[in-house]
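Summary of structural features
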Amino acid sequence: MRHLIAGFLMATIVTSMATQADARRGGGYGTAEQLIFVSPTEFEDETGPLALCHYVKTHSIIFVNVWRSLNGYALASNNCDSEQYYEFNAAELKGAQDDGMVPSDVPLQPKLSIKSLAEGFWGLGLLAAILAFAGLKLLAVQKRRSQRMAMMSQATPAAQSILDAMCHAAKADGYIAPSEVAMIKQAAEKMTGTTFAMDDVKRMADLAEEALDLKGYKRLVNGRTKPEQLDMMRGVLMVVAADGKLDGKEQVFVGGLAQAMGMDGATVQALLAEVVGGDAGGAAPA
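Residues numbered from 1 in each chain as written. Predicted model: local features only at pLDDT ≥ 70, side-chain atom pairs only at ≥ 80, totals over all residues. Heavy atoms only, no water.

This brings us to the overall build of the chain. For the chain, the count of helices and strands is nine helices and eight strands. Per-residue burial for the chain yields a buried fraction of 42% across its 286 residues. Of the accessible surface of the chain, which amounts to about 15,100 Å², a share of 58% is contributed by carbon and sulfur atoms. (Helix = DSSP H or I, 4+ residues; strand = E, 2+ residues; numbered from the N terminus. Buried < 20%, exposed > 50% of the residue type's maximum accessible area, 1.4 Å probe, protein only. Areas by Shrake-Rupley, 256 points an atom, 1.4 Å probe, with all protein chains shown as cover.)

On to unusual backbone geometry, then. Although it is not a glycine, Asn-78 sits at a positive phi angle of roughly 55 degrees. Tracing the chain through its elements places Asn-78 in the loop between strand E7 (64-77) and strand E8 (84-88).

Turning our attention to the packing of aromatic side chains. A complete count under the given rule lists three aromatic pairs for this structure. A centroid spacing of 6.1 Å and a plane angle of 70 degrees characterise the contact between Phe-43 and Phe-88, whose relative ring orientation is edge-to-face. Placement of Phe-43 in strand E5 (residues 29-45) and of Phe-88 in strand E8 is noted, with a sequence separation of 45 residues between them. Both residues of the pair, Phe-43 and Phe-88, belong to the buried class. (Phe/Tyr/Trp six-rings, centres within 6.5 Å; stacked < 30°, edge-to-face > 60°.)

Further remarks concern the confidence of the model for the chain. When pLDDT is averaged along the chain, the result is 78, and 73% of the positions lie at 70 or above. In the predicted structure, residues 1-17 sits below a pLDDT of 50 and forms 45 contacts with residues beyond four places in sequence or in another chain. Overall, residues 279-283 carries pLDDT values under 50, and its contacts beyond four positions in sequence, including any with other chains, amount to seven contacts. (pLDDT = per-residue confidence, 0-100. Contact = heavy atoms within 4.5 Å.)

As a further point, take the pattern of salt bridges. Within the structure shown, the criterion is met by six salt bridges. A salt bridge links Asp-206 to Lys-202; its shortest N-O distance comes to 3.2 Å. Here the residue Asp-206 and the residue Lys-202 both occupy positions in helix H5 (residues 198-206), the gap between them amounting to four residues, near one helical turn. Of the residues examined, Lys-202 reaches a relative accessible area of 31% and is grouped as partly exposed. The residue Arg-234 makes a salt bridge to Asp-231 at a minimum N-O spacing of 3.0 Å. Of this pair, Arg-234 and Asp-231 both sit in helix H7 (residues 226-241), three residues apart, roughly one helical turn. Where salt bridges share partners, they join Asp-231, Arg-234 and Glu-274 into one cluster. (Salt bridge = Lys/Arg side-chain N within 4 Å of Asp/Glu carboxyl O.)

Moving on, we get to the nonpolar core. Core analysis: the largest hydrophobic core is formed by 45 residues, its most contacted members being Leu-163, Met-166, Ile-184, Met-233, Val-236, Phe-253 and Leu-257. Only helix H3 (157-171), helix H4 (178-192), H5, helix H6 (214-221), H7, helix H8 (248-261) and helix H9 (265-277) provide two or more residues apiece to this core. At eight residues, the largest contribution of residues to this core is made by H3. If near-sequence neighbours (up to four positions away) are discounted, Phe-253 is found in contact with Ala-165, His-168, Ala-169, Ala-172, Leu-212, Tyr-217, Leu-220 and Val-236. If you look at the next biggest cluster of nonpolar residues, it comprises twelve residues, including Leu-52, Leu-93, Ala-96 and Val-102. (Core = buried A, V, L, I, M, F, W, Y, C linked by side-chain atoms within 4.5 Å.)

Bringing H7 into the picture now. Taking 1.5 Å per residue, 16 residues should reach 22 Å; H7 reaches 22 Å between its end C-alpha atoms and fits that length. Every buried residue of H7 is listed here: Gln-229, Asp-231, Met-232, Met-233, Gly-235, Val-236, Leu-237, Met-238, Val-239 and Val-240. As for H7, its buried residues are in contact with H3, H4, H6, H8 and H9. (Expected span 1.5 Å × (residues − 1).)

Turning our eyes to something else, we now look at the state of the cysteines. Scanning the entire structure with this criterion turns up one disulfide. With its sulfur 2.0 Å from that of its partner, Cys-53 forms a disulfide with Cys-80. Classification of the bridge connecting Cys-53 and Cys-80 rests on its S-S torsion, roughly -95 degrees, and on that basis the disulfide is left-handed. Pair noted here: Cys-53 is in strand E6 (residues 48-61) and Cys-80 is in the loop between E7 and E8, with a separation of 27 residues, a long-range link. Here the two residues Cys-53 and Cys-80 agree in accessibility, since each one is buried. (Disulfide = S-S within 2.5 Å.)

Here is the structure:
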């Protein structure tokens, strides 16, 4: 791929083979070679007239262009719209200019225009926008969590985590049923000894995220002992069973929480039977 010296004879480049521009990709990172027109020349090869081109490489990550580097000049046919080129260094360019083969105003050291350079940088803007969006989303999640925790300030850290999981369970299917709010209110009052208004409990559930990834589930579970995790799962199962039906998204939430806890399906089934069968006596988790 790399080096080919172009020789000159009577305004014709004599060479056995032109270099082939290509693209390489691996592990999500890739490069693509490109020729950008600079100027016509008096040179020819067997394909016809050759133009002076910038030889650039565009670097991409997961198919998004993030960087463009200039590797020098090249000569190519069809006004640089070609997959083959001849490398063309500064000394050769100077000699060609002295011989009138290339316009004298072409700089010996190649430099991309702002427009050409920007075409290789658009991905950086996209990535920056994605990162900024992700950052704003994370800040919003953190703010909502802080608001929920402030409303549960009378509770112990373990009780806060359990109540937070119950709020997420209520929000999982996108609709917070009054029966679910009543169950969270009962649990909150038992764990804190404080009376909560129904509207405040509804607000706590509204502030929860509707969908969580594995990291989100782990945040709910983080720092909780195994007995506390069992209480958390009981509380969640009470909420999702409160309206008498188990929605598909609620099942996904229970499964995600169990995965984060490392809890097997048999334990979840036993806890659900306990909750639905009334073995817990309708009591909220301690």
